[in-house]
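Below are the chains, spelled out letter by letter.
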Amino acid sequence: MNNYVFKRETELIFGQNQLYLLPNKIKQHGSRVLLTYGQSSIKKIGLYDKVVKLLNDNDIFFVELGGIKANPEVDTARKGVQLINEHQLDFILAVGGGSVLDNSKHMAMSQAANKDVWDLMCNQKELAEVTNLIKIGCVLTISATGSEMNSGGVITNPDTDDKLAMAHDEATPAFSFLDPTLLETLPQKQRIAGVCDTFSHLLEVYFSSHDDEGFEDRYTEALMKNVIAYSDTYLTDNLNYEANAQLMTTATFALNGISGIGRYAEDWSTHRIEHELSAITDFTHGIGLALIHPYVLETYLVNDLADKNALTKFINIGKNVFSMTGSDLEIAYETVEAIKNLFFGWINGTSIKDYGVESFDYEEAIDKLVDGGRLAGTYHVFTKEEVRTIFEKIS
Ligand code: NZQ
Ligand code: ZN
């Protein structure tokens, strides 16, 4: 196991009927609030009215910024920074999912740095040194990204067709309300995307280096098993409290850092490839991952076959997650097949065409990924040809 330092500031307030605690939680961190949210869902489900009433009843000053898009963009983050400065705000309350949270994290970063959102994003060294961010709190309405308890934030610049990720400890939410009943209104596509995103996060950290074992991998396998155990109910019965609770908690703990502690490296190839697809076509993140991840695993397997010891990850998932028996080689192949069947079964499709995208021009994306160094390559160093093959297969 590698050395690690692990700390997470986020207080999780889990369960239904807990929202009355929101004003007290906010007052622990700030008094002048920027309320951020997405396009329309929180108004439709009545959550906006509840939050606004709690803020008004408790004399908490707030300014609001709605309209944050799924696959959030630089412009709304820039607008948030303006509002924070103009109204001297000292706290952001993000009500929504990964997109609202991530955009809020970029507002806090950019405001503290006194630098344009995208310029900061493109200067990771400077970004790492930013400090004194205003705190963020969250009322989560969709289970998927883990952004509610992690330091990550992803943002799209539509002018350049770039979608980039950052991580900064101070951007980790101070608290997050996780109410499973808020998931009841999620559209089916978002439920599917959330399951796929969660499973993909687990695979990404699992296949980060060949050297991890023990706690790192057993913890991650356990969460994989839990996603599989509850996914059927979650995807067929919106009102099932237990399934909503299990997926919500599993998604949060799949990417809050625990699955990564002690690991020797983190690779994230599938996500980097998917972010190019999302940047160009506005594809739903979790669905894109489901299409791409099986082919990334196939690429890993082909390369790992050269050294039988390198098959350990495939064999362990086969045995510990899917209860497979047989020879090591059989299990390795069957594991990739089983994961492919899971993803393609969840999304009920195999190509971007199934989701209304006829084609997309990926040559520039391949250059950015390979020549531009966006594929970190700690488990496997992708060639341009390998990435091109994946884009061809999903097209
Ligand atoms: O915009 P509104 O109207 O609110 O609708 C949203 C949105 O259209 C809707 N929705 C959310 N909660 C709902 C609801 N509809 C009905 N009832 C509810 N309770 O769902 C749609 C998707 O929301 P979004 O926030 O975009 O989803 P998600 O949480 O999956 O976030 C995706 C974004 O997060 C990034 C992705 O790349 C993508 O940009 N990621 C962030 C990560 C992180 N910060 O750690 C890691 C991930 O790997 C990912 O890259
Ligand atoms: Zn993801």
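Right, let's walk through the structure included here. (Residues numbered from 1 in each chain as written. Chains lettered and ligands numbered in written order. Predicted model: local features only at pLDDT ≥ 70, side-chain atom pairs only at ≥ 80, totals over all residues. Heavy atoms only, no water.)

With that settled, consider the pattern of salt bridges. Should the charged atoms of two oppositely charged side chains come close, the side chains can pair. Overall, the coordinates contain 24 salt bridges when judged by the stated rule. Note that Lys313 and Asp212 form a salt bridge whose closest N and O atoms lie 3.9 Å from each other. Here Asp212 lies in the loop between helix H8 (188-206) and helix H9 (214-236) and Lys313 lies in helix H13 (residues 312-320), a separation of 101 residues in the sequence. Residue classification places Lys313 among the buried positions, given a relative accessible area of 3%. For Asp212, a relative accessible area of 3% translates into the label buried. (Salt bridge = Lys/Arg side-chain N within 4 Å of Asp/Glu carboxyl O. Helix = DSSP H or I, 4+ residues; strand = E, 2+ residues; numbered from the N terminus. Buried < 20%, exposed > 50% of the residue type's maximum accessible area, 1.4 Å probe, protein only.)

Strand order across the open sheet formed by 6 strands is S1-S8-S5-S4-S2-S3, with parallel pairing between neighbours. Of all the strands in the sheet, just strand S1 (11-14) and strand S3 (61-65) have a single pairing partner and so form its edges. Across the sheet, the mean angle from the axis of one strand to that of its neighbour is 20°, orientation sign disregarded. Both strand S2 (residues 32-37) and strand S4 (residues 91-96) contribute to a ladder of 5 bridges, which runs parallel. Across the sheet, residue Tyr37 finds its bridge partner in S4, namely Val95. Relative to S4, helix H5 (residues 98-113) is tilted by about 165°, and along the sheet it contacts S2, S3, S4 and strand S5 (135-140). (Pairing = 2+ DSSP bridges. Axes fitted to C-alpha atoms, helices over the stretch in contact; angles between N-to-C directions. Contact = heavy atoms within 4.5 Å.)

Here we take up the site of ligand 1. Taken together, 33 residues sit near ligand 1, with Ser40, Ser41, Gly98, Ser99 and His201 positioned nearest. In the model, an oxygen atom of ligand 1 is placed 2.7 Å from a nitrogen or oxygen of the Gly98 main chain. When ligand 1 sits alone it has 970 Å² of accessible area, and the protein chains cover 89% of it. For the shell around ligand 1, the secondary structure elements donating two or more residues are H5, strand S6 (152-157), H8 and helix H11 (269-281). Class assignment of the residues belonging to the shell around ligand 1 gives a composition of 10 nonpolar, 20 polar and 3 charged. (Near = heavy atom within 4 Å. Polar contact = N/O pair within 3.5 Å; in protein donor to acceptor, adjacent residues only side chain to side chain. Areas by Shrake-Rupley, 256 points an atom, 1.4 Å probe, with all protein chains shown as cover. Nonpolar A, V, L, I, M, F, W, Y, C, P; charged D, E, K, R; others polar.)

What follows concerns the coordination of the zinc ion (ligand 2). With distances of 2.0 to 2.2 Å, the protein atoms coordinating the zinc ion (ligand 2) are Asp197 (OD), His201 (NE2), His271 (NE2) and His285 (NE2). Asp197 gets classed as buried once you look at its relative accessible area, which sits at 2%. (Donors = N, O, S within 2.8 Å, 3.2 Å for Na, K, Ca; no water.)

Take the packing of aromatic side chains next. Following the criterion strictly, the structure yields 18 aromatic pairs and no others. Both rings, one in Tyr206 and one in Phe207, keep their centres 5.6 Å apart while their planes meet at 55°; by these two values the pair is tilted. Using a relative accessible area of 2% as the deciding quantity, one classes Phe207 as buried. On the numbers, 5.0 Å between centres and 50° between planes, the contact of Phe207 with Phe314 is tilted. Of this pair, Phe207 sits in the loop between H8 and H9 while Phe314 sits in helix H13; the two residues are 107 residues apart in sequence, bridging distant segments of the chain. Note on accessibility: Phe207 and Phe314 belong to one class, buried. (Phe/Tyr/Trp six-rings, centres within 6.5 Å; stacked < 30°, edge-to-face > 60°.)

Moving on: the nonpolar core. In terms of nonpolar packing, the biggest core is built from 95 residues, with Trp346 and Phe391 touching the most fellow members. With 9 residues, the top contributor of residues to this core is helix H12 (residues 285-304). Setting aside anything within four residues of it in sequence, one finds Phe391 in contact with Ile273, Glu276, Phe360, Tyr362, Ala365, Ile366 and Leu369. Counting residues in hydrophobic clusters, the runner-up holds 24 residues, among them Ile13, Leu19, Ile60 and Leu93. (Core = buried A, V, L, I, M, F, W, Y, C linked by side-chain atoms within 4.5 Å.)

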